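The chain contents come next:
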Amino acid sequence: MHAITGSGWVELITGSMFSGKTEELLRRLRRAEIAGQEVAVFKPAIDDRYGETTIGSHNGRQWEATVVDNEGDGVWQMLDDLNGEQVVAIDEANFFSEELVAVCEALAADGRRVIVSGTDQTFRAEPFTPVPQLMALAEYVDKLQAICTVCGEPATRNQRLIDGEPAHVDDPTIMVGAEESYEARCRNCHTLRSD
Ligand SMILES: [Zn+2]
């Protein structure tokens, strides 16, 4: 990743669940930290928890993150929380309102490096706002693949399972506190219940 001289920019890391997005985000943050750059990390308050938390990947790496309101204009809180950091990382971008797009644009216009991570598809395999908008506006996009748990092909879709069965097409896009699980699946193995 090379710097665009004299201005900020937006980097998006996307793909299905279990594709290593957060791991890649943390790798980039670690390199910035080694270079002595100040880093701020944010994640959405999807289950009404606020304050400090950590983002971590499955290999045990962690980073302190500030939890911000993910609904409506709440995402602008990020700008108030910043304290001159050059690098701003935002994890789980798909859980934020569409205002996240304007926030990222404002941060980049302010000369900051903005690193955003989030899945680009809902469990229905539809574009997951606001990630597709960020894909269009970002200077850099990396779309990672997982491995399909059914057939072993590269996976780009999020298979939601309820009690081990495919979720219903009419289920809400974001389920909070539900007894659900997810698998990475390819186009052929991804299924929805519609009866
Ligand atoms: Zn498959």
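An unreviewed UniProt entry lists the protein chain under the name Thymidine kinase, with Haloprofundus marisrubri as the source organism. Recorded in UniProt for the protein chain, the comment headed Subunit (unreviewed entry) runs: "Homotetramer."

At the metal site, the zinc ion is ligated by Cys148 (SG), Cys151 (SG), Cys186 (SG) and Cys189 (SG), and these contacts range over 2.3 to 2.4 Å. All donors to the zinc ion come from one chain, and their sequence spacing reads C-x2-C-x34-C-x2-C. By relative accessible area, which is 6% here, Cys186 ends up buried. On the accessibility criterion, Cys189 (14% relative accessible area) is buried.

Another aspect to go through is the environment of Arg113. If you trace the backbone, Arg113 turns up in strand β6 (residues 113-117). On a C-alpha basis, the gap between Arg113 and Val39 in space is 9.6 Å, while along the polypeptide they are 74 residues apart.

To continue, consider the nonpolar core. Among the nonpolar cores identified, the biggest contains 23 residues, and Met78, Ile90, Leu100, Cys104, Val114 and Val116 are the most heavily contacted of them. Secondary-structure elements contributing two or more residues to this core are β1 (9-15), β2 (39-44), β5 (87-90), α3 (99-109), β6 and α4 (131-137). Looking at this core element by element, the count peaks at six residues for α3. If near-sequence neighbours (up to four positions away) are discounted, Cys104 is found in contact with Val10, Ile90, Val114, Val116 and Leu134.

Here the focus is the UniProt feature "active site" (unreviewed entry) in the protein chain. Under the present numbering, the feature "active site" (unreviewed entry) in UniProt falls on Glu92. If you trace the backbone, Glu92 turns up in the loop between β5 and α3. When its relative accessible area of 24% is taken as the criterion, Glu92 is described as partly exposed. The contacts of Glu92, once residues within four sequence positions are left out, are Lys43, Pro44, Ile46 and Ser117.

Right, let's get into the packing of aromatic side chains. Applying the stated criterion across every chain, the model contains one aromatic pair. Plain terms: the ring middles of Phe95 and Phe128 are 6.4 Å apart, the flat faces sit at 85° to each other, and that makes the pair edge-to-face. One end of the pair, Phe95, is in the loop between β5 and α3; the other, Phe128, is in the loop between β6 and α4, and 33 residues separate them in sequence. Phe95 sits in the partly exposed class, given a relative accessible area of 21%. Sitting over the face of the ring of Phe123, Arg160 holds its NZ or CZ atom 3.9 Å from the ring centroid.

Glancing now at the environment of Gln86. Position of Gln86 among the secondary structure elements: in the loop between α2 (77-81) and β5. On the basis of relative accessible area, Gln86 is assigned to the partly exposed category, the value being 43%. For the pair Gln86 and Ala40, spaced 46 residues apart in sequence, the C-alpha separation works out to 8.2 Å. Residues contacting Gln86, with those up to four places away along its chain left out, are Gln37, Glu38, Arg112 and Arg113.

So, on to the sheet that holds strand β11 (residues 165-166). Pairing in this open sheet of three strands is antiparallel, and the strands run β11-β10-β12 from one edge to the other. Each edge of the sheet is formed by a strand with only one pairing partner; in this case those strands are β11 and β12 (180-185). As paired strands, strand β10 (residues 157-162) and β11 are joined by two bridges and run antiparallel to one another. Looking across to β11, one finds that Leu161 is bridged to Pro166.

Structurally, the position occupied by Arg160 is in strand β10. You can call Arg160 buried: its relative accessible area is 1%. Of the polar contacts made by the side chain of Arg160, one reaches the side chain of Tyr182; its length is 2.9 Å. Beyond its immediate sequence surroundings of up to four residues, Arg160 is in contact with Phe123, Glu165, Pro166, Ala167, Asp171, Pro172, Thr173, Ile174, Met175, Glu180, Ser181 and Tyr182.

The rules we used
Residues numbered from 1 in each chain as written. Predicted model: local features only at pLDDT ≥ 70, side-chain atom pairs only at ≥ 80, totals over all residues. Heavy atoms only, no water. UniProt positions renumbered as here; feature names shortened; annotations may be inferred. Donors = N, O, S within 2.8 Å, 3.2 Å for Na, K, Ca; no water. Buried < 20%, exposed > 50% of the residue type's maximum accessible area, 1.4 Å probe, protein only. Helix = DSSP H or I, 4+ residues; strand = E, 2+ residues; numbered from the N terminus. Core = buried A, V, L, I, M, F, W, Y, C linked by side-chain atoms within 4.5 Å. Contact = heavy atoms within 4.5 Å. Phe/Tyr/Trp six-rings, centres within 6.5 Å; stacked < 30°, edge-to-face > 60°. Lys NZ or Arg CZ within 6 Å of the ring centre and 35° of its normal. Pairing = 2+ DSSP bridges. Polar contact = N/O pair within 3.5 Å; in protein donor to acceptor, adjacent residues only side chain to side chain.

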